[in-house]
Amino acid sequence: MKAALRRLLREPLVHFLAAGGLIYLGYALWGRHEDDAHRIVVDRAALLQYLQYQAKAFEPGTFTRQLAAMSPVERQQLIDQYVREEVLYREARALGLERGDNVMRLRLVQKMGFLLESSSDEQPTDAQLQDYLRQHADVYTVPPAWTFTHVFIDPAVRGAAKAADDARRILGVLNARHAGFNDAPRYTDRFAYLQNYVERTPDYIASQFGAQFLQALQQLPVGTGMWQGPLRSDQGWHLVLITAREPGRLPAVAEIRDRVADDWRRDRDAARQEQAVQALIRQYHIELLDVPGKATP
């Protein structure tokens, strides 16, 4: 038996088969990986993912329709662009160009964050929207608004002392003549901004008259039919006729439902993304070494 085995081992055919087997095994272990490194699969899923990365929007339905609507020429252009970028990306990775490159690091972080995005068409209930509206009342509260006209007395034209006296005198004239909203242009000096202010918010008023004027305006009664003042602004003196003031208020959900629902979904998606990130972080062992203000674990 041993003699037969020795004769078999001396057969050239056996040597050939053994060598072939080793070559095949080596190809299976190393050659295939080399081929995979230079093999790019372009299919529908790859192109859809590529389109979404380019647009920075995870909307499979939208890009499925976009891909289906492409002409053969447009689709080939997309394939060529995808292949070009994939080749350059792989070659850059093979050269280790991403190491130590903070821009590349940030891009990879952004891409990973994009992958973890959880966008949904979930419809919140009325109770959820009401609770969200209450928690973010500062965002949705409609500020108060004034409707008024004014007569401007310009110290730069009249002089500082005379402008104050003229303002008090013209105030008496306006009320004695029962001047109305549309009569202001007959008495005013030229003002850099508007004559009439309709449903204007505090921020808007302050931007044109200054904080001192706004504070004084907020103290005046509304709807008296009387001209009031003088009020001091950044530009000079003003006599005002206030016809309306809308108080600030928090709208009902029904008034701004679409806006609140969009914001609710955005925040819900962001919270889910953060949960996914934290779940990944928990898979790592974090060591703090020589970090100022931090104890070494």
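Conventions used here
Residues numbered from 1 in each chain as written. Predicted model: local features only at pLDDT ≥ 70, side-chain atom pairs only at ≥ 80, totals over all residues. Heavy atoms only, no water. Core = buried A, V, L, I, M, F, W, Y, C linked by side-chain atoms within 4.5 Å. Buried < 20%, exposed > 50% of the residue type's maximum accessible area, 1.4 Å probe, protein only. Pairing = 2+ DSSP bridges. Helix = DSSP H or I, 4+ residues; strand = E, 2+ residues; numbered from the N terminus. Contact = heavy atoms within 4.5 Å. Phe/Tyr/Trp six-rings, centres within 6.5 Å; stacked < 30°, edge-to-face > 60°. Axes fitted to C-alpha atoms, helices over the stretch in contact; angles between N-to-C directions. Parallel < 35°, antiparallel > 145°, perpendicular 65-115°, else oblique. pLDDT = per-residue confidence, 0-100.

**Student:** I keep staring at the nonpolar core and nothing clicks. Help me out?
**Tutor:** Soluble, globular proteins show a tendency: their nonpolar side chains are buried together. Counting residues in hydrophobic clusters, the biggest one holds 14 residues, and the most contacted among them are Phe148, Ile205, Phe209, Phe213, Leu217, Val240 and Ile242. Among the nonpolar cores identified, the runner-up in size contains 13 residues, and Val151, Ala163, Ala167 and Trp227 belong to it.

**Student:** Can you walk me through the pairing of strand β4 (residues 237-246) in this structure?
**Tutor:** Sheet faces and side chains relate simply in a regular strand, where the side chains alternate between the two faces. Across nine bridges, the pairing between strand β1 (residues 145-153) and β4 is antiparallel. In the sheet register, Thr147 faces β4, and the bridge partner there is Ala244. Looking at chain direction, strand β3 (residues 228-232) and β4 are connected through three bridges and run antiparallel. Bridged to Gln228 within β4 is Val240. A loop of four residues connects β3 with β4, the two strands running antiparallel in sequence.

**Student:** Just checking my understanding: could you explain the side chain of Asp263 for this structure?
**Tutor:** As for its position among the elements, Asp263 is in helix α13 (residues 257-281). If we ignore the near neighbours within four places in the chain, the residues touching Asp263 are Tyr132 and Tyr140.

**Student:** Can you help me understand the packing of aromatic side chains in this one?
**Tutor:** Given two aromatic rings, one states the distance between the centres and the angle between the planes to describe the pair. Under the counting rule described, the total for this entry stands at ten aromatic pairs. Where Phe148 meets Tyr197, the ring centres are 5.1 Å apart and the plane angle is 10°; that geometry is what we call stacked. Here Phe148, found in strand β1, pairs with Tyr197, found in strand β2 (residues 196-200); they are 49 residues apart in sequence, far enough to count as distant. One exposure class covers both Phe148 and Tyr197, and it is buried. Pairwise contacts between aromatic rings join Phe148, Phe152, Phe191, Tyr193, Tyr197, Tyr204, Phe209 and Phe213 into one cluster.

**Student:** Please explain the environment of Gly229 as it appears in this structure.
**Tutor:** Within the secondary structure layout, Gly229 lies in strand β3. As a C-alpha pair, Gly229 and Ala216 span 13 residues in sequence and 9.0 Å in three-dimensional space. Not counting the four nearest positions on each side in its chain, Gly229 is found in contact with Leu171, His238 and Leu239.

**Student:** Would you explain unusual backbone geometry in this entry?
**Tutor:** With an omega of -5°, the peptide bond between Gly229 and Pro230 qualifies as cis. Structurally, Pro230 can be placed in strand β3. Of note in this structure, His178 is not a glycine but carries a positive phi near 55°. Looking at the element boundaries, His178 is found in the loop between α10 (160-176) and β2. For Glu199, which is not glycine, the phi torsion reads 50° and is therefore positive. Looking at where Glu199 falls in the secondary structure, it is placed in strand β2. What makes Glu199 exposed here is its relative accessible area of 56%.

**Student:** Sorry if this is basic, but what is going on with the packing of helix α11 (residues 202-209) against helix α12 (residues 211-218) here?
**Tutor:** Helix-helix packing: each pair is described by the crossing angle between the helix axes and the interaxial distance. In contact at an axis separation of 7 Å, α11 and α12 are set at 130° when each is read in the N-to-C sense. Classified by the angle between their axes, α11 and α12 sit oblique to one another. Note on element contacts: α12 touches α11 through Ala211, Phe213, Leu214, Leu217 and Gln218, opposite Pro202, Ile205, Ala206 and Phe209.

**Student:** In this structure, what is going on with the confidence of the model for the chain? I would like to understand it.
**Tutor:** Taken over all residues, the pLDDT of the chain has a mean of 82, while the share at 70 or more is 81%. Looking across the chain, the model is least confident in helix α2 (residues 12-37), with a mean pLDDT of 47, and most confident in β1, with 97. Ignoring residues within four places in sequence, the model shows residues 12-34, a span with pLDDT below 50, making six contacts including any to other chains. Within the model, the stretch residues 293-297 combines pLDDT values under 50 with eight contacts to residues more than four positions away or in other chains.

**Student:** I keep staring at the sheet that holds β3 and nothing clicks. Help me out?
**Tutor:** Sheet strands pair via backbone hydrogen bonds, and the direction of the pair is either parallel or antiparallel. One open sheet holds the four strands; their spatial order is β2-β1-β4-β3, and the pairing between them is antiparallel. Strands at the two margins of the open sheet, each flanked by one partner only, are β2 and β3. Pairwise comparison of adjacent strand axes, ignoring direction, gives a mean angle of 35° for this sheet. In the sheet, β1 pairs with β2 via three bridges, with the strands oriented antiparallel. Directly across from Thr149, in β2, lies its bridge partner Asn196. Sitting on the sheet, α10 touches β1, β3 and β4, and the angle it makes with β4 is about 45°. Contacts between α11 and the sheet are confined to β1, β2 and β4, with β2 contributing the most and set at about 150° to the helix.

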